[in-house]
Amino acid sequence: MGLNADWMQRDLSVLWHPCTQMKDHERLPVVPIRRGEGVWLEDFEGKRYLDAVSSWWVNVFGHANPRINQRIKDQVDQLEHVILAGFSHQPVIELSERLVKITPKGLDRVFYADNGSSGIEVALKMSYHFWRNQGRERKKRFVTLTNSYHGETVAAMSVGDVALFTETYKSLLLDTLKVPSPDCFLRPDGMGWEEHSRAMFAHMERTLAEHHGEVAAVIVEPLIQGAGGMRMYHPVYLQLLREACDRYGVHLIHDEIAVGFGRTGTMFACEQAGIAPDFLVLSKALTGGYLPMAAVLTSDAVYQGFYDDYQTLRAFLHSHTYTGNPLACAAALATLDIFEEDRVIEANRKLATRMATATAHLAAHPNVAEIRQTGMVLAIEMVQDKASKTPYPWQERRGLKVFQHALERGALLRPLGNVVYFLPPYVITEEQIDFLATVASEGIDIATRDAVSVAVAADLHPNHRDPG
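All values reported here derive from a predicted model rather than from experimental measurement.

**A look at the overall build of the protein chain**
Scanning the protein chain from N- to C-terminus turns up 14 helices and 16 strands. The C-alpha radius of gyration computed for the protein chain amounts to 22 Å, which stays within 12% of the reference 23 Å derived for 468 residues, consistent with globular compactness. With respect to the three principal axes, the spread of C-alpha positions in the protein chain is 65 × 55 × 45 Å. Here the protein chain, with 468 residues, has 55% of them falling under the buried criterion. When contacts within the protein chain are restricted to residue pairs at least 6 apart in sequence, long-range pairs at least 24 apart make up 71% of them. Surface exposure of the protein chain reaches about 20700 Å², of which carbon and sulfur atoms provide 53%. Taken as two groups, the 46 positive and 57 negative side-chain charges of the protein chain have centres that lie 2 Å from each other.

**Details of the side chain of Asn4**
When you line up the elements, Asn4 lands in helix α1 (residues 3-12). A polar contact of 3.0 Å, which involves the side chain of Asn4, links it to the backbone nitrogen of Phe44. Sequence-distant contacts of Asn4, that is, excluding residues within four places in its chain, are made with Pro32, Asp43, Phe44 and Glu45.

**Let's talk about the nonpolar core**
Judged by nonpolar contacts, the single largest core of 106 residues is most densely connected at Leu95, Leu99, Met204, Val218, Met230 and Phe261. The element that contributes the greatest number of residues to this core is helix α11 (residues 326-342), accounting for nine residues. Those residues within four positions of Leu99 in sequence are excluded, and the remaining contacts are Val110, Tyr112, Phe261, Leu282, Leu286, Ala295, Leu297 and Leu336. Grouped together as the second largest cluster of nonpolar side chains are 24 residues, Val122, Ala123, Phe130 and Ile257 included.

**Brief notes about helix α9 (residues 236-248)**
Helix length check: α9, at 13 residues, gives a terminal C-alpha distance of 18 Å against a target of 18 Å (1.5 Å per residue), a fit within 8%. Listed in full, the buried residues belonging to α9 are Val236, Tyr237, Leu238, Leu240, Leu241, Arg242, Ala244, Cys245 and Tyr248. Of the surrounding secondary structure, the elements contacted by the buried residues of α9 are β5 (141-145), β6 (177-179), α8 (193-211), β7 (215-220) and β10 (251-255). At the exit of α9 stands Gly249, carrying a positive phi of roughly 65 degrees.

**Regarding the pairing of strand β11 (residues 279-282)**
The alternating pattern of β11 places Phe279 and Val281 on one face and Leu280 and Leu282 on the opposite face, and all of these are buried. Bridge analysis of β10 against β11 gives three bridges, and the strand direction is parallel. In the strand pairing of β11, His254 is matched with Leu280. For β11 and strand β12 (residues 294-298), the ladder comprises four bridges, and the chain directions are antiparallel.

**Some details on the layout of surface pockets**
Roughly 1500 Å³ of internal volume is contained in the largest pocket. Along its surface, the largest pocket is lined by 43 residues, and Pro18, Cys19, Thr20, Trp56 and Arg414 are the ones closest to its centre. Elements represented by at least two residues in the lining of the largest pocket include exactly α2 (54-57), α7 (163-166) and α13 (398-409). Among the residues forming the lining of the largest pocket, the class breakdown is 25 nonpolar, 10 polar and eight charged. Approximately 1000 Å³ is the volume found for the second largest pocket. Taken together, 32 residues form the lining of the second largest pocket, with Leu84, Val110, Phe111, Tyr303 and Phe316 sitting closest to its centre. Breaking the lining of the second largest pocket down by element, the ones donating at least two residues are α4 (90-102), β4 (109-113), β12 and α10 (300-304). When its residues are assigned to classes, the lining of the second largest pocket shows 20 nonpolar, 10 polar and two charged.

**A closer look at the sheet that holds strand β3 (residues 48-51)**
Sheet architecture is open: four strands sit in the order β1-β2-β3-β15, paired in mixed fashion. At either margin of the open sheet sits one strand with a lone partner, and together these are β1 (33-37) and β15 (411-412). Here strand β2 (residues 40-43) runs beside β3; their pairing, made up of three bridges, is antiparallel. The residue bridging Glu42 from the neighbouring strand is Arg48, located in β3.

Conventions adopted
- Residues numbered from 1 in each chain as written.
- Predicted model: local features only at pLDDT ≥ 70, side-chain atom pairs only at ≥ 80, totals over all residues.
- Heavy atoms only, no water.
- Helix = DSSP H or I, 4+ residues; strand = E, 2+ residues; numbered from the N terminus.
- Rg over C-alpha atoms; globule rule 2.2 N^0.38 Å.
- Buried < 20%, exposed > 50% of the residue type's maximum accessible area, 1.4 Å probe, protein only.
- Contact = heavy atoms within 4.5 Å.
- Areas by Shrake-Rupley, 256 points an atom, 1.4 Å probe, with all protein chains shown as cover.
- Lys, Arg positive; Asp, Glu negative; His and termini not counted.
- Charge placed at Lys NZ, Arg CZ, Asp CG, Glu CD.
- Polar contact = N/O pair within 3.5 Å; in protein donor to acceptor, adjacent residues only side chain to side chain.
- Core = buried A, V, L, I, M, F, W, Y, C linked by side-chain atoms within 4.5 Å.
- Expected span 1.5 Å × (residues − 1).
- Pairing = 2+ DSSP bridges.
- 1 Å grid on protein atoms, 1.4 Å probe; cavity = no way out; pocket = protein on both sides within 12 Å on 5 of 7 lines; lining within 4 Å.
- Points joined across faces, edges and corners; volume = space filled by probe spheres on them.
- Nonpolar A, V, L, I, M, F, W, Y, C, P; charged D, E, K, R; others polar.

Following this line, the structure appears as structure tokens:
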């Protein structure tokens, strides 16, 4: 038995993996990783895999980055953790100062959580609680977009709309208002992204006009709906939404867990609309992919809504054990240093252009409906019929065939259903992008070679997909 097989056997005897039907591993390998360096992951037998998805969208400056490594090593000798209730420490203060400085004006207070889903829970609770403190108890519902994803804790699932993640738990979820997404993949022929996004805002306008008295906040993934298949829309939708939230007295929550820190071509997606949300939720790339942490930024006006004598019971009594962990803060500070010192956003423009040119030939593929891109995120959507954009039945798991081919070729490409996407670390080279494009092209050819074979309607559970 080889080293990989030995580790896999030990794994499968004790582990239950996330986002996985474990029975799949009767035929699909678990890939045990021994080490990482830059864009590469290496297994126990020395095979390398180019990490095209940044290890679930978190790694921005490569594995085992020496600058982040050193900052964590220095910190671990000073302070590994301390309770953040009634105590503080240098890394969390410095990180908070820097986050306030680099985010849009008006986001003046930082509250920490342990991960993205927990950060969403913080924002939802904080918005609801703010209105309650104002004597507006009716404002307890949330508006969300169809096809959205905000995490897998109960409230976070409630404001999501990817059936694969939510349908089983429907009876546990909050009662939310769902508005049709401005997803530009669904735009009519001949209509541009901006025109479609403007047109789709009419649904949001009507919902807020009718329900604003009972709505605490609208929550969106700005510009890119990640787990919903990397579907994208125009920044004008965010401008219109900010204006409407102000008009109707409703909070705006931006979930930038996946798209923050340069993914969309600007440091934060909301910058492209020239707006500031009332709550900005950050995680994933915040620590460069090293340690779990989330930050929820909000305004001083929201903060003041909780600031009172203890006896009023208006305080936000929410906590996580590892809130503001010094090691995670150290990783985040090192990550922000690299952004500042290496002019990363500017360098990414060249990489984003190379991603576009390297995959442009796939636009002519008979089973590719669209190649879409926002900054350092590029998605290729496979369909069974190009003209009508008819999807493959989800049961056929065409994306899984791309994934398997990529592993054989030395790349980690983990599609979302029938959507193959690149979301690589920013330290990737142009030559490595070309390699990914070649592997993806080969995989798409393999995955679309056979005719539809599943004897079920393609629209049965259309939102189900292999999670990426």
